[in-house]
Amino acid sequence: QVLGQALSAAAACVQEGDWQAGEAVIEAMLARFPDWLRGHAVIAKMRWEYGQQPDFDRSYEIATNALPKNGALYAAWSDGLVQTGQTEKAVEVLERGQSHAGSNPQFDALHAWIASERGDLSIAADLYAAMREPSDPFAATGAIRNFLRLGEWLRAADICERLISGPAANQIWPYASI
């Protein structure tokens, strides 16, 4: 509940025209709760939008130094970097995460997604194939997108059919309709 209140307080500060006060509220909570993923995402977006691009992601750096075995922090950090087009740094973060936290399916899915977004379709296809049948919505949509880019419609359709009636239906449906 305290984290939700912090987000509300930060939003109020931004609404009043003082984004730096909102940033300070979130920073204070991240100092207490360095594994607060939503806080990292919000502060990174805030910094990016208010012109702090060179180090918009510094809260992740601080948190991963404090909690080096927390794979979710590295995955969230990498995902945020991908969203801003910083795929090289995203890969570096994933590799750092793997060295500290070990391998995990989320890292594998992000590596595959990045390869596909960069246009390394065959590498991405190999990475998705190594995951076998991705059921996580993120990995599944990534695999579908990659197969569509490769022109492998039936492989994409197979994943869509398997997942269209499950909890990932909202993410899968747009691809199934192609």
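Provided above is the structure to which this section pertains.
Heads up: these notes are all about the structure in this document. These numbers come from a predicted model, not from an experiment. (Residues numbered from 1 in each chain as written. Predicted model: local features only at pLDDT ≥ 70, side-chain atom pairs only at ≥ 80, totals over all residues. Heavy atoms only, no water.)

## Comments concerning the overall build of the protein
From N to C terminus, the protein includes eleven helices and zero strands. Counting from the amino terminus, helix and strand elements in the protein follow one another as α-α-α-α-α-α-α-α-α-α-α. Along the longest, intermediate and shortest principal axes, the C-alpha atoms of the protein span 50 × 35 × 30 Å. Long-range pairs, those at least 24 residues apart, make up 45% of the contacts in the protein between residues at least 6 apart in sequence. The average position of the 14 basic charges and that of the 22 acidic charges among the side chains of the protein differ by 3 Å. (Helix = DSSP H or I, 4+ residues; strand = E, 2+ residues; numbered from the N terminus. Contact = heavy atoms within 4.5 Å. Lys, Arg positive; Asp, Glu negative; His and termini not counted. Charge placed at Lys NZ, Arg CZ, Asp CG, Glu CD.)

## Points about the pattern of salt bridges
Throughout the structure, instances matching the rule amount to twelve salt bridges. Between R58 and E27 there is a salt bridge, and its shortest N-O distance comes to 3.9 Å. One end of the pair, R58, is in helix α4 (residues 58-66); the other, E27, is in helix α2 (residues 19-32), with 31 residues separating them in the sequence. Given a relative accessible area of 28%, R58 falls into the partly exposed group. The salt bridge partner of D57 is K89, with a shortest N-O separation of 2.8 Å. Of this pair, D57 sits in the loop between α3 (37-49) and α4 while K89 sits in helix α6 (residues 87-101); the two residues are 32 residues apart in sequence, bridging distant segments of the chain. For D57, a relative accessible area of 3% gives the class buried. (Salt bridge = Lys/Arg side-chain N within 4 Å of Asp/Glu carboxyl O. Buried < 20%, exposed > 50% of the residue type's maximum accessible area, 1.4 Å probe, protein only.)

## Comments concerning the packing of helix α5 (residues 71-83) against α6
Between α5 and α6, the least distance of the axes is 8 Å, while the angle of their chain directions is 175°. By the angle class used here, α5 and α6 are roughly antiparallel. Of the residues in α6, those touching α5 at G71, Y74, W77, S78, L81 and V82 are K89, A90, V93, L94, R96, G97, H100 and A101. Here the contact of α5 with α6 is built from residues that sort into eight nonpolar, four polar and two charged. (Axes fitted to C-alpha atoms, helices over the stretch in contact; angles between N-to-C directions. Parallel < 35°, antiparallel > 145°, perpendicular 65-115°, else oblique. Nonpolar A, V, L, I, M, F, W, Y, C, P; charged D, E, K, R; others polar.)

## Considering α4
What α4 keeps buried is the set S59, Y60, A63 and T64. Each buried residue of α4 lies within a common arc of 125° when the element is viewed along its axis, so the set occupies one face. Away from its buried face by more than 90 degrees, α4 exposes I62 and N65. Looking at the buried positions of α4, the neighbouring elements they touch are α2, α3, α5 and α6. (Arc of directions from axis to C-beta.)

## As for the nonpolar core
Counting residues in hydrophobic clusters, the biggest one holds 31 residues, and the most contacted among them are L81, I114, Y128, I144, I159 and I172. Breaking this core down by element, the ones donating at least two residues are α5, α6, α7 (105-118), α8 (121-130), α9 (137-150) and α10 (153-163). Among the elements that line this core, the one with the most residues is α7, at six residues. Not counting residues within four places of it along the chain, the set of residues in contact with L81 comprises F56, D57, Q86, K89, A90 and V93. Counting ten residues, the second largest nonpolar core, distinct from the first, contains A6, A10, W36 and V42. (Core = buried A, V, L, I, M, F, W, Y, C linked by side-chain atoms within 4.5 Å.)

## Topic: the environment of L110
In this fold, L110 is placed in helix α7. In this structure L110 comes out as buried when scored by relative accessible area, which is 4%. Separated by 72 residues in sequence, L110 and R38 have C-alpha atoms that sit 18 Å apart. Setting aside its immediate chain neighbours within four residues, L110 contacts A75, S78, D79, L94 and F138.

Any functional reading would require information that these geometric values do not contain.
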